[in-house]
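# Structural overview for review
Now for the letters of each chain:
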Amino acid sequence: MGGKRVQGARVAARLAGVAVILLVMIGASVTSVSAIPAFARKYHTSCQTCHIAFPNLTPFGEAFRLNGYRFPAGTDASVSKDQPVALGAEGYKKLWPKSVWPGEMPGLPPVSMAVETEVAYDHAAKTTSFSGLPSEVAVLTGGTLGEHASFYGEVEFAREDTGEISTALQRVNIQFRPLTSPAFQIKVGSFEPGLLLVSNHRRLTDHPYYLLSQPVLDNQWTAEEWQQGIEFFGVVGHRLQYNAGYVEGSGNVVNNSKDYYGRVAYKFGGLRLDGTTKAGATDLAANPKPWSETSLRVSAFAYKGRPFLSDTSTALQTDPGCTTLPCDVVAVDTTLSQNDPFRIYGGDIALIVKDLIVNAGLADRTDRSPDLVDPNNTDVKTKIRYGEIGWVAYPWLVPAARWESLDIEGAKMEQLSLTVNLLIRANVKGFIASNRVKEPGAKYTTEEVVGGVVFGF
């Protein structure tokens, strides 16, 4: 009887905690989908192997990603249930360079679909909108091209508030791994740069991170949704991760400048970053709770860019060349432009304690000239801070909350994002989310409350 009381108390405590979060929820935006159901088909495994309320990753899911979408320690071929198509006989390796090195491609089409639907309640206007049924459909692909190459791709079709459909070519890249280990890899194409331990593409909360998605004045650069270029990355000594990139940035097509960045991260405790244990490959069957471990990851990054800012405005004016009245009114274009060298330094931590997931980070940014209207507004300082917590109350019930602030030259804005994720099935997620924003000098106000369903196949 005592055991039943204790178990009942634990269940009640978990449900009470979720109820508290539901009671204080108040605003949101669209969930980002990055999970690829094609991997479930390839390995005949549940989405839960790699995801906590997708698209957020378990420790093994993160190791799978850092291994170029492979199972660790050379076990991928034995675990995969998909028979790849050989592109050339093995004997051609002995003839190289007088022959093409043999390769392979997936036997099953590595293509998935993900659909987002949502109903939004605008708190200010007191209106409910069904325009997000559905709001977005994504075509996703990912997999390996033999032992030394892998790929990822995403195309999104979104329904705008006007009813029009927009199409976006998102992250599309190929990765090369010259070694059999993940120690040195090269990523080419469009991708989210390896700066933080979190990403808008793999978040638990519904609203995007300020640090990854907020521009500064007229400098429209943001780290995500993606950057185009090349990145070198890898996992050394099982626990040390590094990233170094050279990317297009924003506004660099005109001035031919490029951005560059670097990051190092280390993991203490838990599953190693390359997915191995001291005994070798990870035994997934031995861990009924793949999200659960006790670990701490720390990370630090630096990013530098030099975008060219430009804006053209059109105004109706009296023809300046007119000498005889009446004068015609003509459209006159005015273009403002300048370079804005900027730099960002920061870092974050990720702590997992059993069923509790905690992330926190900060970044300081300095822009030389981000204001086109006032070129004398120089050396603009921006400070960004965030902290979030997620809780796997049950494998199918994952509430999460995040606080963050954006301070541009003393004008500080804050937001509180809350989300409750409910896995109806392993590949069907319901969510209810809210977002509160505090503008400079004002109080917290609710933007909107969103509820929806995301499913993939």
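Look a little higher up for the structure.
None of the values given here were measured: they were computed from a predicted structure.

So, on to the overall build of the chain. The number of helices and strands found in the chain is seven helices and 24 strands. Against the globule reference of 23 Å for 457 residues, the chain gives a C-alpha radius of gyration of 25 Å, in line with a compact fold. Taking all 457 residues of the chain together, 46% fall into the buried category. Considering only contacts within the chain whose residues lie at least 6 apart along the sequence, 61% involve residues at least 24 apart. Looking at the chain as shown, the accessible area adds up to about 22,000 Å², and 61% of this sits on carbon and sulfur atoms. Each charge sign in the chain was given a centre, from 43 positive and 46 negative side chains, and these centres are 13 Å apart.

Pairing between strand β18 (residues 342-354) and strand β19 (residues 356-367): 12 bridges, direction antiparallel. The residue bridging Arg 343 from the neighbouring strand is Thr 366, located in β19. The hairpin turn running from β18 into β19, its antiparallel successor, is one residue long. Two strands pair when backbone bridges link them, and β19 and strand β20 (residues 380-391) are joined in this way by 12 bridges, in the antiparallel orientation. Paired with Val 358 across the strands is Ile 389, a residue of β20.

Judged from the six bridges that link them, strand β3 (residues 111-122) and strand β5 (residues 136-144) form a sheet pairing that is antiparallel. Bridging from a neighbouring strand, Ser 112 pairs with Leu 140 of β5. Pairing of β3 with strand β24 (residues 444-456) involves nine bridges; the strand directions are antiparallel. Paired with Asp 122 across the two strands is Glu 448, which belongs to β24. With three bridges joining them, β3 and strand β4 (residues 127-129) adopt antiparallel strand pairing. Note that in β4 the partner of Asp 122 across the bridge is Thr 127. Where β3 folds back on β4, the antiparallel hairpin that results is connected by four residues, among which Lys 126 adopts a positive phi of roughly 60 degrees.

In this chain, Trp 96 is followed by Pro 97 through a cis amide linkage whose omega measures 15 degrees. Of the consecutive residues Leu 133 and Pro 134, the connecting peptide bond is found in the cis state with omega at -5 degrees. Assignment of secondary structure puts Pro 134 in the loop between β4 and β5. The backbone phi angle of Lys 354 is positive, close to 60 degrees, even though this residue is not glycine.

Residues Val 236, Leu 240, Val 264, Tyr 266, Phe 268, Val 298 and Ile 349 make up a contiguous nonpolar surface patch of roughly 540 Å² in combined accessible area. Considering every element that reaches the nonpolar patch, the biggest residue donor is strand β12 (residues 259-269), with three residues. Take Ile 349: it is sitting in strand β18. Under the relative-accessibility criterion, Ile 349 is labelled partly exposed at 37%.

What counts, and where the lines are drawn
- Residues numbered from 1 in each chain as written.
- Predicted model: local features only at pLDDT ≥ 70, side-chain atom pairs only at ≥ 80, totals over all residues.
- Heavy atoms only, no water.
- Helix = DSSP H or I, 4+ residues; strand = E, 2+ residues; numbered from the N terminus.
- Rg over C-alpha atoms; globule rule 2.2 N^0.38 Å.
- Buried < 20%, exposed > 50% of the residue type's maximum accessible area, 1.4 Å probe, protein only.
- Contact = heavy atoms within 4.5 Å.
- Areas by Shrake-Rupley, 256 points an atom, 1.4 Å probe, with all protein chains shown as cover.
- Lys, Arg positive; Asp, Glu negative; His and termini not counted.
- Charge placed at Lys NZ, Arg CZ, Asp CG, Glu CD.
- Pairing = 2+ DSSP bridges.
- Patch = residues over 30% accessible without salt bridge, like charges linked within 9 Å, V, L, I, M, F, W, Y side chains within 5 Å.
- Salt bridge = Lys/Arg side-chain N within 4 Å of Asp/Glu carboxyl O.

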